[in-house]
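Commentary on secondary and tertiary structure
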Amino acid sequence: MPAAPLRILVVLPMYGGSLPIGRYCASALGALGHSVRVFEAPLLHAGFTGLRGLGLAPAQTAQLENSFLQVVSQAVWAQVQEQEPHLVLAMAQAPLGRSLLQRLRPGGRAHGHVVCGRPRNI
Amino acid sequence: MAKFLVIQAARFGDLVQTKRLLMSLAGRGEVHLAVDAGLTPLARLLFPFAELHALAVHGKPEEQALARNAATLARWRGMHFDAVYNCNFSGVTAALCRVFEPQTVRGYRPAAGGVTRSPWARLAFRLSERRALAPLNLVDFWGHFAEAPIDPRSVNPAAAPGGQGLGVVLAGRESRRSLPVPVLAEVVRTAFGALGGPRVRLLGSTAEKPAARQLLRHLPPKMLPMVEDLSGKTDWPALAAAVTGLDALITPDTGIMHLGAHLGVPVLAFFLSSAWLHETGPYGEGHHVWQTCRACGPCLESAPCPYDVACGQPLTQVELLRSLAAVLGQIKSGLSSAGADAKKWPQLPAGLQLWRTGMDALGAHPSLLAGDDPHAAERRYVRNFLAARLHLSAEPAGSAAAALQSADLDPWLYNDADWMLPPGRYC
C-alpha cells in the first residue's frame with residue numbers, strides 16, 4: 001500500500017493496440033493500492049463505428065465522427081469532475097480533445113499523457 | 001519481386017511531378033503506371049522503367065474510351081499488386097481502384113458515397129487552406145505516399161546550362177498565370193542580350209500559336225533570325241528534344257517547366273495569381289522563380305479576380321529585367337547555391353520576390369534571394385512540423401522557427417481526431 005494512495009483515472013482508447021495496455025496499467029495501479037477508475041471508451045466504440053454504416057458520404061461521416069469524439073471527450077471530463085483524480089493516465093488514442101487537455105492543465109489537476117502509438121502515422 | 005501500380009490521371013505537369021514517388025518505388029520492385037492515354041508517349045520518355053497502362057480519363061467518356069478502361073480493369077484483376085498508389089482525389093480513379101482490396105490502395109480510397117483520404121493526404125488538404133504558409137512541394141507530397149522515399153536531391157539533376165540556347169514557354173493552360181505578351185517580350189529580349197544572342201525556341205501547344213505570332217511582332221527585328229517558333233509543332237518526343245540542353249527556360253508554371261526541371265535545364269519561372277512556388281515550383285537545385293506576393297495570393301484560378309490581376313504589376317517594372325540579367329549572369333558563371341545566397345541581388349519592386357530552388361531532407365526548400373517574405377517564420381514552423389511528422393530533421397532544434405508562438409498554427413496543424421484514433425486511418 002503506498003504512503004499516499006492516489007485517485008487515478010485511466011482513459012482507455014475506443015479500440016486498438018493500446019486498449020489492453022490500458023487495462024494492464026489500471027490493474028497494476030490498483031494492485032499498488034491506488035484508487036483507480038477506468039474510462040471505458042470501448043463502450044462507445046459500436047456507436048462510433050456505426051456512423052460508417054449509415055451510408056453517408058465520407059466527408060459527412062468524418063464530420064459526424066469528429067462531433068462524436070467531442071462528445072466522448074466531454075464524457076471523460078464528466079468523469080474527471082466526478083472523481084477529481086490526482087492523475088489522468090491517457091493511453092495512445094485516448095479520446096482527449098484539445099479543449100479537454102487545456103481544461104485539465106491549469107486547474108492543478110495532474111495528468112500524464114502516455115503515447116504508445118507511432119506519431120508518424122497520426 | 002514486389003509489384004506496384006501508380007495511378008496518375010491528372011495532366012502533363014502532374015505526371016512529371018510524380019517522379020519522386022515513381023523513382024522511390026522503382027528501387028523496390030516492378031513499377032506500373034496508369035496515365036491518360038494521351039500522355040503515354042510522354043510517360044514512356046520520362047519513366048522508361050515503368051510498365052504503362054493507358055486510361056481514358058480526360059474528355060468525353062465515349063464508347064471506345066469506356067471499352068479501353070474496361071479492358072484495363074480486366075487486366076488489373078488478373079495482376080497482383082502489393083500496393084496501388086492513387087494520386088488523385090477523384091471519383092473516376094477511386095472507381096478504378098474498386099478492383100483492388102481497399103487496404104492495398106494508398107492515398108485516396110473508394111468508399112461508399114465518395115472517396116476517403118489517407119492521414120497524409122488529409123493533412124495536405126488542411127495545408128491548402130492557408131496556402132501562403134504551406135511549404136510542401138507537390139513532388140514531395142506524392143513522394144511521401146511511399147514509406148521513406150528516395151533522397152530529394154537524387155530526383156532531378158541540378159540546373160546547368162546545356163549550350164542549346166533559350167527556351168520560351170508562351171503560356172500555361174491557365175492564362176491568368178502567364179505573362180502578358182508585351183511583358184514576356186521584354187523578358188525574352190533581356191535574356192537574349194544577357195546570354196549573348198543565343199538561338200531561341202518558342203514552345204507551346206497549338207493554342208499558343210497566336211501568342212507566338214504576337215510575341216514575334218514585339219521582338220526586335222535583329223532577334224528574329226535566331227527565333228524558331230515551335231508552338232503547335234512538337235509531339236511529346238519533339239518537345240522533350242527541344243527542351244533538352246537549353247541554357248535557360250523562361251516559363252510560367254507549366255508542364256514544360258516541370259519537364260525542364262526533370263532534364264536539369266535552368267528554369268526562369270514567373271509565378272503569379274494562383275501559381276505558388278512553394279507548392280508547384282520547379283523541383284531541383286538551382287532554378288529561379290520570380291513570385292508575386294500580394295496579400296490576396298495565391299488565389300483560386302477558378303474564381304474571378306476582383307483586382308484585375310494586380311499581382312502581375314510588379315512584373316512589368318524595369319527592376320525585374322535587372323534582376324533577370326543578374327540571375328542569367330550567375331547562371332553563366334556557375335555561381336554556387338551558397339554564393340547565390342551571399343550575393344547582393346538587385347532590389348525588386350514591392351510585391352515581388354526572387355527565389356532560388358534548393359533541397360533539404362524533406363524535399364524542395366527554396367531560398368529567398370530578393371524581396372520580402374512576410375510569412376517566412378510561419379512557413380518554417382509548418383515545415384518543421386511536417387519534417388517532425390515524417391521523422392526527418394529540417395533544421396537544428398532550438399531554431400527561431402521552433403521558438404515561434406504557435407497558438408495560431410497548432411489548431412490548424414493538429415486535428416483532434418489525428419491522435420484520438422489509431423494511426424493510418426482513412427476518412
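Reading the values: rules and limits
- Note that residues are indexed from 1 along each chain, following the sequence as it is written.
- Key to labels: chains lettered from A, ligands numbered from 1, both in the order written.
- Per-residue local features are limited, in this predicted model, to residues with pLDDT of at least 70; the limit for side-chain atom pairs, both in listing and counting, is 80 or more; totals at the level of whole chains, interfaces and linings are taken over all residues.
- Only DSSP runs of H or I with at least four residues qualify as helices, and only runs of E with at least two residues qualify as strands; both kinds are numbered from the N terminus onward.
- Our radius of gyration is a C-alpha quantity, and the globule rule it is checked against amounts to 2.2 Å times the number of residues to the power 0.38.
- With C-beta atoms placed from the backbone, a residue is labelled by how many other C-beta atoms lie within 10 Å of its own: buried for 20 or more, exposed for 12 or fewer, partly exposed between the two.
- For two strands to be treated as a pair, DSSP must find at least two bridges joining them.
- Placing C-beta atoms from the backbone, we regard two residues as in contact once those atoms come within 7 Å.
- Orientation is described by lines fitted to C-alpha atoms, with helices fitted over the stretch in contact, and by angles between N-to-C directions that extend from 0 to 180 degrees.

1. Section: the overall build of chain B
Each helix and strand counted, chain B has 18 helices and 14 strands in total. Against the 2.2 N^0.38 benchmark of 22 Å for 427 residues, chain B shows a C-alpha radius of gyration of 22 Å, consistent with a compact globule. Considered along the principal axes of its C-alpha atoms, chain B spans approximately 60 × 55 × 40 Å. When burial is assessed residue by residue, chain B has 48% of its 427 residues classed as buried.

2. A few points about the pairing of strand β12 (residues 288–292) of chain B
Residues and elements named next belong to chain B. Of all five residues that make up β12, five are buried, and the element is covered over most of its length. Burial along β12 is two-sided: the residues His288, Trp290 and Thr292 and Val289 and Gln291 are all buried. Pairing of strand β11 (residues 267–271) with β12 involves four bridges; the strand directions are parallel. Pairing of Phe271 across the sheet is with Gln291, part of β12. Relative to strand β13 (residues 352–356), β12 runs antiparallel, the two being bridged by five bridges. By the bridge assignment, Thr292 is partnered in β13 with Leu352.

3. Regarding the interface of chain A and chain B
Counting residues at the interface gives 22 residues for chain A, matched by 21 residues for chain B. Of the residues forming the side of chain A that touches chain B, the biggest block, seven residues, is contributed by helix α3 (residues 58–83) of chain A.

4. Re helix α2 (residues 19–26) of chain B
All names here are of chain B. Across the eight residues that make up α2, a large majority, seven, are buried. By the burial criterion, the buried members of α2 are Lys19, Arg20, Leu21, Leu22, Met23, Ser24 and Leu25. Contact partners of the buried residues in α2: β1 (2–7), α1 (12–16), β2 (29–36), β4 (83–86), α7 (138–143) and α11 (255–263).

5. So, the sheet that holds strand β5 (residues 105–111) of chain B
Within a sheet, each strand pairs with its neighbour through backbone hydrogen bonds, oriented either parallel or antiparallel. Residue and element names in this part refer to chain B. The strand order across the open sheet formed by six strands is β3-β2-β1-β4-β5-β6, and the pairing between neighbours is mixed. Of all the strands in the sheet, just β3 (51–55) and β6 (114–117) have a single pairing partner and so form its edges. Pairwise comparison of adjacent strand axes, ignoring direction, gives a mean angle of 35° for this sheet. Relative to β3, β2 is paired through five bridges, and the arrangement is parallel. Note that in β3 the partner of His32 across the bridge is Glu51. Here α2 sits on the sheet in contact with β1, β2 and β4, set at roughly 150° to β2.

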